Amino acid sequence: MRRSLRFAVAMGLGAGILLVAGQVDAQYQYTDAKGVSKVVPYKLDVPAPYRDSAVWIGPTGVGHPALSDGARETKRRDDLYRGTAAQQESYKTQKAAELERQRLWRQK
C-alpha cells in the first residue's frame with residue numbers, strides 16, 4: 001500500500017510538472033543574413049542586427065502586442081493554408097470582389 005501511494009504521488013507530480021511547464025510557444029520570427037527564417041520565444045533571443053525586423057507571431061490580446069500588418073498578412077496566409085475548403089473559397093470570393101472593385105475604380 002505504501003509503495004503504491006508513493007507511485008501515485010510521483011505520477012501526479014510528474015503529470016503536474018508536464019502540464020504546467022508545457023512547451024514554450026515561439027513568439028518572434030526573424031530572417032537572418034542567409035535568408036533563413038527562425039523563430040524564438042523572446043525578442044531578446046533575436047540577434048541584435050535583426051531585432052528591429054523581428055515580427056511577433058504569437059497570440060494577441062491582453063498583455064500581448066498587436067500584430068503588425070506584415071505579421072497579420074502572414075497569419076492570414078497561414079490560416080488559409082491550414083484552413084478548411086470553405087475558408088479557402090471565402091478567401092477566393094473576397095479576392096475576386098476586391099479585384100472587381102479595383103477594376104471598376106480604374107474605369108472611372
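Because the structure is predicted, anything quoted here is derived from the model rather than measured.

Participant: So, the environment of Asp32: which residues are in play, and what are the values?
Facilitator: Within the fold, Asp32 resides in the loop between strand E1 (28-31) and strand E2 (37-40). Here Asp32 falls in the buried class, since its relative accessible area comes to 15%. Not counting residues up to four positions away in its chain, the partners in contact with Asp32 are Lys38 and Tyr50. Polar side-chain contacts of Asp32 include one of 3.2 Å to the backbone nitrogen of Lys34. Only 2.8 Å separates the side chain of Asp32 from the backbone nitrogen of Val36, close enough to count as a polar contact.

Participant: Describe the pattern of salt bridges, naming the residues involved and giving the relevant values.
Facilitator: By the definition in use, this model includes five salt bridges. With its nearest N and O atoms 2.3 Å apart, the salt bridge here joins Arg76 to Glu73. Taken together, the positions of Arg76 and Glu73, both in helix H2 (residues 69-82) and three residues apart, correspond to about one turn of that helix. Classification of Arg76 by relative accessible area gives partly exposed; the value is 28%. For Glu100, the salt bridge identified is with Arg103, shortest N-O distance 2.3 Å.

Participant: Tell me about the pairing of E2, and please be specific about residues and values.
Facilitator: Where E1 meets E2, four bridges bridge the pair, whose relative direction is antiparallel. Paired with Tyr30 across the two strands is Lys38, which belongs to E2. The turn linking E1 back onto E2 is made up of five residues, and Gly35 within it adopts a positive phi angle of 90 degrees.

Conventions we followed
- Residues numbered from 1 in each chain as written.
- Predicted model: local features only at pLDDT ≥ 70, side-chain atom pairs only at ≥ 80, totals over all residues.
- Heavy atoms only, no water.
- Helix = DSSP H or I, 4+ residues; strand = E, 2+ residues; numbered from the N terminus.
- Buried < 20%, exposed > 50% of the residue type's maximum accessible area, 1.4 Å probe, protein only.
- Contact = heavy atoms within 4.5 Å.
- Polar contact = N/O pair within 3.5 Å; in protein donor to acceptor, adjacent residues only side chain to side chain.
- Salt bridge = Lys/Arg side-chain N within 4 Å of Asp/Glu carboxyl O.
- Pairing = 2+ DSSP bridges.

As far as function goes, none of this settles anything; it's purely spatial.
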